[in-house]
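Reading the structure
Single-letter residue listing:
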Amino acid sequence: MSAEGRIPVGTIAPSLLSADFARLEQQVLTVMDAGARVMHVDVMDGHFVPPITIGPLIVESLREIVHERGGILDCHLMVERPERHIEAFAKAGADVLTIHPEATPHIHYALKMIREAGVAAGISVNPGTPVEAVEPVAGIIDLCLVMSVNPGWGGQKYIPSSTGRLARLRALIPPEVVLQVDGGISLDTIDEARDAGTDLFVAGSSVFGADDPAAAYTALATRATSH
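These figures come from a predicted structure and were not determined experimentally. (Residues numbered from 1 in each chain as written. Predicted model: local features only at pLDDT ≥ 70, side-chain atom pairs only at ≥ 80, totals over all residues. Heavy atoms only, no water.)

Glancing now at the pairing of strand S6 (residues 143–147). In terms of burial, S6 is a largely internal element, five of the five residues being buried. Burial along S6 is two-sided: the face carrying Leu143, Leu145 and Met147 and the face carrying Cys144 and Val146 are both buried. The pairing of strand S5 (residues 120–125) with S6 spans four bridges and is parallel. Considered in S6, the bridge of Val125 is made with Val146. Relative to strand S7 (residues 178–182), S6 runs parallel, the two being bridged by five bridges. Counted as the bridge partner of Leu143 is Val178 from S7. (Buried < 20%, exposed > 50% of the residue type's maximum accessible area, 1.4 Å probe, protein only. Helix = DSSP H or I, 4+ residues; strand = E, 2+ residues; numbered from the N terminus. Pairing = 2+ DSSP bridges.)

Our next topic: the pattern of salt bridges. Taken as a whole, this structure holds nine salt bridges when the rule is applied. With a shortest N-O distance of 3.1 Å, Asp20 and Arg23 are connected by a salt bridge. A relative accessible area of 37% places Arg23 in the partly exposed class. With a shortest N-O distance of 3.9 Å, Glu60 and Arg63 are connected by a salt bridge. Of this pair, Glu60 and Arg63 both sit in helix H2 (residues 56–68), three residues apart, which is roughly one turn of that helix. Salt bridges sharing common partners tie together Asp191, Arg194, Asp195 and Arg223. (Salt bridge = Lys/Arg side-chain N within 4 Å of Asp/Glu carboxyl O.)

Residues Ile107, Ala110, Leu111, Ile114 and Arg115 constitute the buried set of helix H4 (residues 107–116). Summarising the axial view, the buried residues of H4 lie within an arc of 140°, below the 170-degree limit, and thus occupy one face. For H4, exposure combined with an orientation more than 90 degrees from the buried face picks out Tyr109 and Glu116. For H4, the elements touching its buried residues are helix H3 (86–92), strand S4 (96–99) and S5. Just downstream of H4 lies Gly118, where phi reads positive at about 80°. (Arc of directions from axis to C-beta. Contact = heavy atoms within 4.5 Å.)

Turning to the confidence of the model for the chain, a few remarks are in order. Looking at the chain as a whole, the pLDDT averages 94, with 96% of positions reaching at least 70. Counted against residues more than four places away or in other chains, residues 1–5, with its pLDDT under 50, gives ten contacts. (pLDDT = per-residue confidence, 0-100.)

Glancing now at unusual backbone geometry. For Arg81, which is not glycine, the phi torsion reads 50° and is therefore positive. Mapped onto the elements, Arg81 comes out in the loop between strand S3 (72–78) and H3. Residue classification places Arg81 among the partly exposed positions, given a relative accessible area of 27%.

Read across the open sheet, the eight strands follow the order S1-S8-S7-S6-S5-S4-S3-S2; overall the sheet is parallel. Only two strands of the sheet have a single partner each, and these edge strands are strand S1 (11–14) and strand S2 (38–44). Between one strand axis and the next, the sheet turns through 25° on average, direction left out of account. H2 rests against S2 and S3 of the sheet, and its axis sits at about 150° to S3. Where H4 meets the sheet, its contacts fall on S4 and S5, and the angle it forms with S5 comes to roughly 145°. (Axes fitted to C-alpha atoms, helices over the stretch in contact; angles between N-to-C directions.)

Have a look at this one:
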């Protein structure tokens, strides 16, 4: 299974963590009308990270809205023992499921479970996790996500050392694996992340926190492919 053709690259994945949940459908439609095709869903369980956010019910509620417009649901599971939740998210309509090696003793098994469910498999590494943690499973992933902030909260500043980590991972993973970054991505930081080899940029507060989320998305998307 390859991510090619399944996960859009050279673009922005707006993060619903920063959206207004009282107007969630409207917010999703606003950025999708502006061109967004990857909606990033942050799932937090109150254990692996302190906050609690959303689960499969929200993914299911967004499935038709996103899929009818040619988009995908990119779900980042910041949860302990993610293998226990893969089936539920796959059934709910997740197109990508990204999990953490720090969250399970069975990362290879869990990634295989994701692929067997017909979903693209992603691995994510926290700022304090060696990038080499990805190497043992590099052949069975479709996406590699570098956390450029500590996971759990939106609005944090980009950790500068993330740029070097992105470059090292780009060299470590197969070329067809999508390299994604999440945390502090804005017009001030996207260029260095892009130049390090990043394919897909998660942006939350810099999109949904803007007065005009559509314009903010467009400005970032333009930079995602600039050289």
